[in-house]
Amino acid sequence: MAELIVQEVAKSYPTRAEPLSVLRGVSLRLAAGENMAILGPSGCGKSTLLHIIGTLDTPTSGRVSLDGADPFTFDEPRLAAFRNHKIGFIFQDHHLLAQCSVLENVLLPTLADGAPPDAAVERARVLLNRVGLAHRLEHLPAELSGGERQRTAIARALVNRPELLLADEPTGNLDRHTAATVSRLLLELQAQEQTMLLVVTHSLELAGMLQRRLELNDGQLA
Ligand code: ADP
Ligand code: MG
């Protein structure tokens, strides 16, 4: 069964003065079907932690293991393939490509190995139907509301059947009502797909919907 293990991860950034120590020994575990919120004020290191777990950044020390593999031992092509297949990302700002349609945006993660196979197109359609956008497949991101863009981003994050979903302030740009709708949808899909879900947020409403809540404070989780 898929599992995420984060052990004593530390991260410091070099500065002209002393190194800035952002994470000071963060450990957590997550198994398939589980979800967790990490709360904390702006600047406490939430995005840094999520980027490290998502293999977009490297820790200064400590270990990350996903599905039994240590991605930081991989070379760049292998790491890119690992990330693409095992991890789905949802950001505060949807990060959709402006010139691509909704359907094309959802298919982007499936293009790493060439043209999308028919099965991927079918999967993208099913997901877009599931998030309520079946009638918007050919629309451009600029033609969608903020909530619809985030729903597209959720479908894109799931298209490759990742084991781990990482969401960084996924409702941060949405009004309260839309945020609640998108949060519910995210959790429904996570349960349905039985992925792991790690959400960093300072929204207590969103965090309150998750199974576990940890607070990142002074570089450590409590
Ligand atoms: P959060 O997501 O909780 O708001 P971040 O993880 O973005 O916080 O940032 C945590 C701290 O690390 C901040 O003080 C930020 O300025 C610093 N930081 C982030 N990235 C870098 C970087 N590349 N170089 C130096 N400092 C950074
Ligand atoms: Mg952040």
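Here's what I pulled together on the structure shown here. (Residues numbered from 1 in each chain as written. Chains lettered and ligands numbered in written order. Predicted model: local features only at pLDDT ≥ 70, side-chain atom pairs only at ≥ 80, totals over all residues. Heavy atoms only, no water.)

**Considerations on the pattern of salt bridges**
Where we set the bar: In the sections that follow, a salt bridge refers to a side-chain nitrogen of Lys or Arg positioned within 4 Å of a carboxyl oxygen of Asp or Glu.
Applying the stated criterion across every chain, the model contains ten salt bridges. One network of salt bridges, in which partners are shared, links Asp67, Lys86 and Glu163.

**Some points on the side chain of lysine 11**
Definition in use: Only DSSP runs of H or I with at least four residues qualify as helices, and only runs of E with at least two residues qualify as strands; both kinds are numbered from the N terminus onward. Accessible area is worked out with a 1.4 Å probe on protein chains only. A residue is then buried under 20% of its type maximum, exposed over 50%, and partly exposed in between. Think of a polar contact as two N or O atoms within 3.5 Å of one another; within protein, one of them needs to be a possible hydrogen donor and the other a possible acceptor, and neighboring residues in sequence only count if both atoms come from side chains. Note on contacts: a residue pair is in contact if any heavy atoms of the two residues lie within 4.5 Å.
Assignment of secondary structure puts lysine 11 in strand 1 (residues 3-13). Residue classification places lysine 11 among the buried positions, given a relative accessible area of 9%. One polar contact links lysine 11 to aspartate 57, side chain to side chain, over a distance of 3.2 Å. Not counting residues up to four positions away in its chain, the partners in contact with lysine 11 are Leu20, Ser21, Val22, Leu23, Thr48, Ile52, Asp57, Thr58, Pro59 and Thr60.

**Here we look at the side chain of asparagine 105**
Looking at the secondary structure, you find asparagine 105 in helix 3 (residues 102-107). The buried category is assigned to asparagine 105, whose relative accessible area is 0%.

**What to know about the packing of aromatic side chains**
Heads up, the rule is: Ring geometry is summarised as follows: Phe, Tyr and Trp rings, the Trp one being its six-membered ring, pair when their centres sit within 6.5 Å, and such pairs are stacked at plane angles under 30 degrees, edge-to-face over 60 and tilted between the two. By definition here, charges over rings are those cases where NZ of Lys or CZ of Arg is within 6 Å of the ring centre and within 35 degrees of the ring normal.
According to the stated counting rule, one finds two aromatic pairs in the structure shown. On the basis of an interplanar angle of 75° and a centroid distance of 5.3 Å, the ring pair of phenylalanine 74 and phenylalanine 82 is categorised as edge-to-face. Residue phenylalanine 74 is classed as buried on the basis of its relative accessible area, which comes to 14%. A cation sits over an aromatic face here: arginine 78 above phenylalanine 74, 3.8 Å from the ring centre.

**Side note on the sheet that holds strand 4 (residues 61-66)**
Quick note on the threshold: Strand pairing is defined by DSSP finding a minimum of two bridges between the two strands. Interaxial angle, 0 to 180 degrees, is taken between N-to-C directions of lines fitted to C-alpha atoms, where a helix line uses only the stretch in contact.
As summarised here, the arrangement of the three strands in space is 2-1-4, forming an open sheet in which the pairing is antiparallel. Both outer strands of the open sheet, strand 2 (20-31) and strand 4, are each paired with one neighbouring strand and no more. Neighbour-to-neighbour, the strand axes of the sheet open up by a mean angle of 15°, direction not taken into account. The strands that helix 1 (residues 46-53) touches are strand 1, strand 2 and strand 4; relative to strand 1, the one it contacts most, it runs at about 125°.

**Notes on the packing of helix 5 (residues 146-158) against helix 6 (residues 176-193)**
For clarity, the cut-off: These descriptions rest on fixed angle ranges, namely under 35 degrees for roughly parallel, over 145 for roughly antiparallel, 65 to 115 for roughly perpendicular, and the rest for oblique. It is the rotation of the near helix from the far one that decides the hand of a crossing: anticlockwise by less than a right angle makes it left-handed, clockwise makes it right-handed. Residues are grouped as follows: Ala, Val, Leu, Ile, Met, Phe, Trp, Tyr, Cys and Pro are nonpolar; Asp, Glu, Lys and Arg are charged; every other residue, Gly included, is polar.
Contact geometry for helix 5 and helix 6: axes closest at 10 Å, N-to-C directions at 15°. When the axis of helix 5 is compared with that of helix 6, the two are roughly parallel. Our pair here, helix 5 against helix 6, has a crossing hand that is right-handed. Seen from helix 5, the contacting residues are Gly147, Gln150, Arg151, Ile154 and Leu158; seen from helix 6, they are Thr178, Val182, Leu185, Leu186, Leu189 and Glu193. A breakdown of the residues in the contact of helix 5 with helix 6 according to their chemical character gives six nonpolar, three polar and two charged.

**Topic: the site of ligand 1**
The condition is simple: Near, as used in this document, describes a residue that has one of its heavy atoms within 4 Å of the molecule or strand being considered. Note on areas: Shrake-Rupley, 1.4 Å probe, and residue coverage restricted to the protein chains presented here.
In the vicinity of ligand 1, the residues found are Tyr13, Leu20, Val22, Pro41, Ser42, Gly43, Cys44, Gly45, Lys46, Ser47 and Thr48. In this structure, cysteine 44 approaches ligand 1 through a main-chain N or O atom, which is 3.2 Å from an oxygen atom. At 2.6 Å, a side-chain N or O of threonine 48 approaches an oxygen atom of ligand 1. Burial of ligand 1 by the protein amounts to 57% of the accessible area it has alone, namely 570 Å². Broken down by secondary-structure element, the contributors of at least two residues to the shell around ligand 1 are strand 2 and helix 1.

**Concerning helix 4 (residues 118-130)**
Selection rule: What a helix is expected to span follows from its residue count: subtract one and scale by 1.5 Å. It is the directions from the helix axis to the C-beta atoms whose arc is reported.
Between its first and last C-alpha, helix 4 extends 18 Å over 13 residues, near the 18 Å set by a 1.5 Å rise per residue. When helix 4 is considered as a whole, its buried residues turn out to be Ala120, Arg123, Ala124, Leu127 and Leu128. For helix 4, the angular spread of buried residues about the axis comes to 130°, placing them on one side. When the buried face of helix 4 is taken as reference, the exposed residues oriented beyond 90 degrees from it are Asp118, Ala119 and Asn129. Here the buried face of helix 4 lies against helix 3, helix 5 and helix 6. Glycine 132 sits one or two residues past helix 4 and shows a positive phi near 80°.

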